[in-house]
Each structure stands twice: as structure tokens, then as C-alpha cells.
Amino acid sequence: MIERRVTVTNRLGLHARAAALLVRTANTYKSALRLERTDGTASADAKSILSVLMLAASRGTELLATAEGVDETEAISAVCGLFAEGFGEGERVDKA
Amino acid sequence: MKPNDQPSITVSEFIHHAPAQLELRITAGAQGATTRQLTVPRVQKLGLALAGFTNYIHSGRLQILGQSEIRYLGQLDAEKRREAIRNLGLERIACVLVTKGIEPPLELIEEAEAANLPLLSTPVLSSIAISVVTDSLQELLAPIVARHGVLMDIYGLGVLIEGASGIGKSECALDLIARGHRLVADDVVEVRRIGADRLLGAAPELLREHLEIRGLGIMNIRDLFGVSAVSANKAIDLSIKLERWDEASEVDRLGIDAQAVEILDVNVPQVLIPVSPGRNLSTLVETAVRVQLLRTRGYNAAQEFIARHEKMLETTESRIQESGFRIKENL
């Protein structure tokens, strides 16, 4: 099992479109992927859209991502990559 | 199949297909009927052209001569009358329709005969003839394309079910028919564009009311399920595309991204439904139609849900900021 800490950096937080992208990415891997708020108030299956939305992860929220399975390394780096890139929202949105 | 760029029909084809209420008959120039082509559904009135302003005569449109035009010709002397008629350029006009059963002037009959211009007559008034002719030509000249799929009437909405061969379109249709929905066309759907943005789908004559299911063969749905299980044609309001689960990579998990497919330059909303064992297709299709019905009435559940979620994100964000301030204060 691999664990990694991520922070929601994009302006809109883990909103609907970002969550959909996350779930779509997560579903391309075999490993079980979970996201947990570091304050312990909620955790989610990263392959389930409603579960991810229930994290209510707005900008600045810290999450613990965990992956377990045959492709856990690739899976966790893909998911962490999405957080790092701000879910492709781009600079235009960040400046706004 | 590529849609025809410029659909056209000959005058005799038009006479053959025109509604019976027009009681069309050819009074002169019958020879030209098989060669002259109608290309535009809108008719023209020859009024100004008879007065000498012939610039806007369109060769592909049916020309109407009503009471006022015939009266105008009637008050000219014979020579002027023939000149006004010749001025029209009878060789390039598709056909002329005299309304209200008026006897056309002798000069017009002679000139039409000489130029092989089909001169038609109807007992119907101009105002009615114009609307009946336009409607009929609009259908006859509509761009047409054949789509592979099943067209059904579900809760009053025309739904085109598309997808690769063997994915289960016909089986899905049978299930929907068993639930009381109507079959319009199976396998081949002839789609016509009526006006600028309306698509009308129907089955080719031979396939009408029939459905083919692997293992059951070709069945007559009207015989099996009754007259209420079939419909002759239906406007297409929604396209549902069935795709194998592994191919359906771009599935909209939230239902917020409105997709559309272009048919004859008209955008039709499209829903992509992945198919896999254990998914009840007809229930999914039925529900997709219910969702679409709500959307056309301005209610989008997915969008409302997202708005609520965004509100939730805002409140948690402000809580984070508050706690951040508190931490600073404590320092």
C-alpha cells in the first residue's frame, strides 16, 4: 500500500468537473484508491463520483491518498498528478 | 448515405404526389412536365413579373396565377397580354398553377403549349393552394438521409437508438414495445429535414411495422402487439447511443455535459449509455427519456445537484479560512 499527502490547490476546489476527471482517471487503474481528509471528517472511494463529492474538499483542504493493488505506484502518481496540476483548470481560472 | 445537396422533383412527380384536395390537372404544356424540375418548396406569385418586373422569377419554384393576375391580364388588349406572358420567359419557369378554377386566357394556353410549360389548374383558392403546395413540396424536397438504428416513440418523445450491430438495439426496442412504447422504424430509419431544424424519421415502406430479432426472425409488431404499438413517423428529439462498456471511455458520470449529434445539419441531443451484462437497457433508455423530458421543461437535476455541492464547498472553504485565522490569533 502506498500513501501520499495532497493538497487541493485549484481555486474551485474538488468541484463536480474535477471530481469527474479524478474518478475517470482512478477507474483506469486496477488498484483500490481512497482519499481521506486529514482532519478525519470524511473519506472516499476515488472511483465513486458521489463519494468523492461528499469529501467537500475546497481549496486548501489536505487529503491523504492511498492506493493498494498491482498498479498502485502508477495509480497514486496519476491521482497526485491531477491535484498538482489543479485538474487542468489552468492559470486563467486561477487568476480570475 | 450522403444527403442530396439540391433535391428536386419533376413537375409530373409533384402532380403524382400532391395532396388530392388540390385536384391538379394539366391544361397545357404537358410535354414539359417530365423534364421541368421543382427545387424550392416556396411558391412565387407572378403579379409583378406580369407587370414587367421579371428579375426575381426563380426557375425552380412553382408560380401561382390567382384571380388578381388573371384580371390584370384580362384588362390588357390581346397583343399586350401576349407580350406580358412572353416576357416571363416561359422556357425557364418550372410550372404555373392557376387557382380558383379560373379559365386561363387563350394567349397563356397557346404560349405554354408552344414553350412546353406545364400549365396546371386547381379549383382551390390561392391562399389555400399556396399553403398546401408549400407543405407538400417541403416534404417532397426535404433533404433525406438513412440512419442505422431504431426509432421509437417513448412517452411522446421521438428517440433514435443507435449503436454498432449486435449491441442489442432491436432487443431493447422489443422490451420497450412490451412496456407500451411505440415502434417507428427498426434497422433503417429514413430521416427527413422539414424546415430548418425539424427532423422527421420513418421506416422505409418495406420495413414498416417490422422488427428483426436474432433467433425470432422478422416479426410484424402490429400483428403481435396491436395498432398502438406502431407509429408511421415521428419527429426525432433525442439520440441514445449504446456502446460496449470497454469502448465507452467518455461517459458523463454526472450528466452535466450536454452532448449532441448532427443529423442533416440539425443538432440532436445525445446520451451515451454503456452496455454490459446486468444493465437493463430498456429501463435505462426509458429513464434517459424522462430526464430529457424534464430538461426540455427547464429542470436539470444534475445541475441543481452541482449547485448544491458548490454551496457546500463554499461553506467548508470559509470554515477553513476561519480556522486559519484562529490559528494565527493563537500564535
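The following refers to the structure shown.

Considerations on helix H5 (residues 106–115) of chain B
All names here are of chain B.
No. 1: Looking only at H5, the buried set comprises Glu107, Leu108, Glu111, Ala112 and Ala115. Buried residues along H5 cover an arc of 125° about the axis, so they all sit on one side. Away from the buried face of H5 by more than 90 degrees, exposed residues Leu106 and Ala114 are located.
No. 2: Looking at the buried positions of H5, the neighbouring elements they touch are strand S2 (25–28), strand S5 (62–65), helix H4 (78–87) and strand S7 (119–121).
No. 3: Immediately downstream of H5, the backbone of Asn116 shows phi near 55°, a positive value.

Describing the packing of aromatic side chains
No. 1: By the definition in use, this model includes two aromatic pairs over all chains.
No. 2: Ring centres 5.0 Å apart and planes at 75° place the aromatic pair Phe83 of chain A and Phe87 of chain A in the edge-to-face group. Like Phe83 of chain A, the residue Phe87 of chain A is buried in the burial classification.
No. 3: With 5.7 Å between their ring centres and 45° between their planes, Phe53 of chain B and Tyr56 of chain B make a pair best called tilted.

Quick notes on the interface of chain B and chain A
No. 1: Contact with chain B, which involves 15 residues of that partner, is made by 21 residues of chain A.
No. 2: Interface of chain B and chain A: buried area, both sides summed, is about 1,400 Å²; carbon and sulfur atoms make up 62% of it.
No. 3: Connecting chain B to chain A are zero salt bridges.
No. 4: For the pair chain B and chain A, the number of links is one residue pair in polar contact (both at pLDDT 80 or more).
No. 5: Of the residues in the side of chain B that touches chain A, the class split is eight nonpolar, three polar and four charged.

The rules we used
Residues numbered from 1 in each chain as written. Chains lettered and ligands numbered in written order. Predicted model: local features only at pLDDT ≥ 70, side-chain atom pairs only at ≥ 80, totals over all residues. Heavy atoms only, no water. Buried < 20%, exposed > 50% of the residue type's maximum accessible area, 1.4 Å probe, protein only. Helix = DSSP H or I, 4+ residues; strand = E, 2+ residues; numbered from the N terminus. Arc of directions from axis to C-beta. Contact = heavy atoms within 4.5 Å. Phe/Tyr/Trp six-rings, centres within 6.5 Å; stacked < 30°, edge-to-face > 60°. Buried area = accessible area lost by both parts, 1.4 Å probe. Salt bridge = Lys/Arg side-chain N within 4 Å of Asp/Glu carboxyl O. Polar contact = N/O pair within 3.5 Å; in protein donor to acceptor, adjacent residues only side chain to side chain. Nonpolar A, V, L, I, M, F, W, Y, C, P; charged D, E, K, R; others polar.

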